[in-house]
Amino acid sequence: MPRSRRDAFRLAGLSAAGLALAACGVQGQKAAPPKADAVKDFWSKQTKHGSVVFANWPEYMPEDKGPLEKFKQATGISYEYKEVIQENADFFGKADPVLRAGQPLGYDIVVMTNGIQLQHMIELGYVTPLDHSKLPNFAANAGQKYKERAYDPDNKYTVPYMSGVTGIAYNTKYVDEEITSIASLFDPKYKGRVGMMADAQEVGNFAMFALGIDPEKSTEADWKKAGEKLKAQRDAGIVRKYYDQNYIDAVSKGDVWLTMAWSGDIFQRQLAGEPVAFVVPDEGGTIWTDNMLIPKGAANPVDALMLMDFLYQPAVAAELDEYVQYVSPVPAVQDLLREKAKTATGDDKKSLEDMVDSPLMFPSDADYARLRSYTQLTTQQEQVFNPIFQSVTQA
């Protein structure tokens, strides 16, 4: 079983690069949106070169590189697969001066999570607009929810790789009630046994959910109200710790009894038999998406588009999701894994059945209806938003 790809520090709020970016913003100039004729002209001049370089997070592709090997066999395109992305802010911090200088990164596909750094990549003109005429599998097989992303309308620059949900996990050995509400994270009866995330966007979203505020439509006044709610929670001693990835061990061991959590982490612990439950709260949860993009100056953009589209073939998407165990953007994956489970035996059969039935991999329509993305922030807004929440989590 793969470890969570988020074992590598994802949180911008805890990395030196993330803190630096939050403090001073980015230095480049916003790029004007490319005109349709310019995009069409760019792609009309591109040809297949027979190779592609894919930059991704650790443990985010089967160890045998099965989907990539199948791509190579089907297209004749060779690949280099590099697990070089450890954290969004750190990657952006390294990529920014290179791309600003007009130099290529050396990668044809890069995977980044929606949020501040991806937004900067797009706004600064560091991402190549996609030619959707070369993405027929995406058009045919991607779920509609993955074609309606506020951070990238019409998937102009990105297509999803995998998604996950931030909700609440709780240890059923210590919590004898069914947790359904974010209010439980603020309940004095769990004083000293609650875990919250340290990332400004994650913790900010949950405070806004608790106040009945939609983060995607939030204002500066809403952020301040959310900050005050979090301060009250902290000052009452309810929060044991503001966590990065290590919340998962804390809730599994009972150091905390309930905590903000990522769906993929909890599902893997459930498969291991640990007493942890996961819920999308009634008030809402956060859906985040890791996205494939083609950085500006990529040497092999046509080959990159072909690989991106290849991963949207349902059988390929199912193979990938069986390994990474997050939320696939291809709905047909669930039925394919269900069919595979019918002929599997032993532990493999049990594991596949657990995947198919898990709302952590296949959220229900009711779950999706409660999910929201992060607040879209301009560079100027970052200077307001981040300090409000970092003043709570880093105090």
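Residues numbered from 1 in each chain as written. Predicted model: local features only at pLDDT ≥ 70, side-chain atom pairs only at ≥ 80, totals over all residues. Heavy atoms only, no water.

### Quick look at the overall build of the chain
Test applied: Comment: elements are numbered from the N terminus, with helices defined as DSSP H or I runs of at least four residues and strands as E runs of at least two. It is over C-alpha atoms that the radius of gyration is taken, and the globule rule equals 2.2 Å times the number of residues to the power 0.38. Accessible surface is estimated by sampling points in the Shrake-Rupley manner with a 1.4 Å probe; for residues, cover comes only from the protein chains shown. His is not counted, nor are the chain ends; Lys and Arg add positive charge and Asp and Glu add negative charge. To locate a charge, take NZ of a lysine, CZ of an arginine, CG of an aspartate or CD of a glutamate.
Secondary structure summary: the chain contains 16 helices and ten strands in total. Scaling as 2.2 N^0.38, a compact globule of 395 residues should have a C-alpha radius of gyration of about 21 Å, and the chain matches this with 21 Å. For the chain, the computed accessible surface area is about 16000 Å², with 50% contributed by carbon and sulfur atoms. For the chain, the distance from the average position of its 42 positive side-chain charges to the average position of its 53 negative side-chain charges is 3 Å.

### Structural notes on the pattern of salt bridges
The following threshold applies: Salt bridge, as used here, is a side-chain nitrogen of Lys or Arg placed within 4 Å of a carboxyl oxygen of Asp or Glu.
Applying the stated criterion to the full structure yields 21 salt bridges. Between D249 and R269 there is a salt bridge, with the nearest N and O atoms lying 2.8 Å from each other. In this pair, D249 sits in helix α9 (residues 247-253) while R269 sits in helix α10 (residues 263-271), placing the two residues 20 residues apart along the sequence. With its nearest N and O atoms 3.0 Å apart, the salt bridge here joins K342 to E339.

### What about the packing of aromatic side chains?
What counts is decided by this rule: Pairs were defined over the aromatic rings of Phe, Tyr and Trp, the Trp ring being its six-membered one, requiring ring centres within 6.5 Å. Orientation was assigned from the angle between planes: stacked under 30 degrees, edge-to-face over 60, tilted for the rest. For every residue, the accessible area (1.4 Å probe, protein chains only) is compared with the maximum for its type, and the residue is labelled buried under 20%, exposed over 50%, or partly exposed between those bounds.
Going through the model one piece at a time under the given rule, you end up with 14 aromatic pairs. When the centroid spacing of 5.1 Å and the interplanar angle of 90 degrees are considered together, the rings of F138 and Y312 count as edge-to-face. Here the residue F138 occupies a position in helix α6 (residues 136-141), and Y312 occupies one in the loop between α11 (301-310) and α12 (314-324), the gap between them amounting to 174 residues. Under the relative-accessibility criterion, F138 is labelled buried at 4%. Note on Y312: relative accessible area 2%, which makes it buried. Ring centres of F385 and F389 lie 4.8 Å apart, and the angle between their planes is 55 degrees; on these two criteria the pair is classed as tilted. In this pair, F385 and F389 both sit in helix α16 (residues 379-393), four residues apart, roughly one turn of the helix.

### With respect to empty space enclosed by the protein
Worth spelling out the cut-off: Using only the protein atoms, space was sampled on a 1 Å grid; points where a 1.4 Å probe fits but cannot get out form cavities, open sets with protein on both sides within 12 Å along at least five of seven lines form pockets, and lining residues are those with an atom within 4 Å of a point. Grid points are joined across faces, edges and corners, and a volume is the space filled by probe spheres set on the points.
Counted by the stated rule, this structure contains two cavities of 30 Å³ or more. In this structure, the second largest cavity spans a volume of roughly 70 Å³. Lining the second largest cavity are P160, Y161, M162, M292, L311, Y312, A317, L320, S328, P329 and V330. Sorting the residues of the lining of the second largest cavity by element identifies β4 (158-171) and α12 as the ones contributing at least two each. Ranked by the residues each element gives to the lining of the second largest cavity, the list is headed by β4, at three residues.

### Thoughts on the nonpolar core
Generally speaking, nonpolar side chains in soluble globular proteins are found buried as a group. Filter applied, for reference: Definition used in this section: a nonpolar core is a set of buried Ala, Val, Leu, Ile, Met, Phe, Trp, Tyr and Cys residues joined via side-chain atoms within 4.5 Å. In what follows, a contact means two residues having at least one pair of non-hydrogen atoms within 4.5 Å.
Membership of the largest hydrophobic core comes to 126 residues, with the highest contact counts inside it found for F54, Y161, L185 and M292. Looking at which element gives the most residues to this core, the answer is β4, with seven residues. Beyond its immediate stretch of four places on either side in the chain, Y161 contacts F54, N56, Y60, M61, V111, D290, N291, M292, L311, L320 and P329.

### Concerning the side chain of Q119
Note on placement: Q119 falls in helix α5 (residues 116-123). Residue Q119 is classed as buried on the basis of its relative accessible area, which comes to 12%. Beyond its immediate sequence surroundings of up to four residues, Q119 is in contact with Q376, L377 and T378.

### Here we look at helix α4 (residues 88-100)
Under the convention used in this document: Expected span, for any helix, means 1.5 Å times one less than how many residues it has. For a residue, the bend is simply the angle between two axes, fitted respectively to the seven-residue segment ending there and the seven-residue segment starting there. Between N or O atoms, a polar contact is any pair within 3.5 Å; within protein, one atom must be a potential hydrogen donor and the other a potential acceptor, and residues adjacent in sequence are included only when both atoms are from side chains.
Relative to the 18 Å expected for 13 residues at 1.5 Å per residue, α4 spans 17 Å between its end C-alpha atoms, a close match to the ideal helical length. The sharpest bend along α4 reaches about 25 degrees and sits at K94, with the proline P97 one to four residues further on. Those residues of α4 that sit buried are N88, A89, F91, F92, A95, D96 and L99. Structurally, the start of α4 carries an N-cap: the backbone nitrogen of A89 is 3.1 Å from a side-chain oxygen of E87. Looking one or two places after α4, you find G102, whose phi comes out positive at around 80 degrees.

### Quick notes on the layout of surface pockets
Short version of the rule: Ten residue types, Ala, Val, Leu, Ile, Met, Phe, Trp, Tyr, Cys and Pro, are classed as nonpolar, four, Asp, Glu, Lys and Arg, as charged, and the remainder, Gly among them, as polar.
When its volume is computed, the largest pocket comes out at roughly 390 Å³. The wall of the largest pocket is formed by 22 residues, among which P34, G125, V127, P129 and Y157 lie closest to the centre. Here the residues of the lining of the largest pocket sort into 15 nonpolar, three polar and four charged.

### Quick notes on the packing of helix α7 (residues 200-210) against α16
Operational definition: Axis definition: a line fitted to C-alpha atoms, over the contacting stretch in the case of helices. Angles run 0 to 180 degrees between N-to-C directions. Roughly parallel covers angles under 35 degrees, roughly antiparallel covers those over 145, roughly perpendicular covers 65 to 115, and oblique covers all other angles.
Between α7 and α16, the shortest axis-to-axis distance is 9 Å and the interhelical angle comes to 90 degrees. Taken as axis vectors, α7 and α16 run roughly perpendicular relative to one another. Every residue of α16 that contacts α7 at A200, Q201, V203, G204 and M208 is listed here: F385, N386, F389 and T393.

### Structural notes on the side chain of D152
By the element assignment, D152 lies in the loop between α6 and β4. Buried within the structure, D152 lacks any salt-bridge partner; K156 is the closest side chain of opposite charge, at an N-O distance of 7.3 Å. Within the structure, the side chain of D152 is placed 2.7 Å from the side chain of T158, a separation counted as a polar contact. Not counting the four nearest positions on each side in its chain, D152 is found in contact with Y157 and T158.

### Here's the deal with helix α13 (residues 332-343)
Using the following cut-off: Regarding the arc, it is the one traced by the directions from the helix axis to the C-beta atoms.
Among the residues of α13, those classed as buried are V333, L337 and A341. Buried residues of α13, seen end-on, are gathered within an arc of 75 degrees and therefore sit on one face of the element. Projecting away from the buried face of α13 at angles above 90 degrees are the exposed residues K342 and T343. Contact partners of the buried residues in α13: α12 and α14 (346-357).

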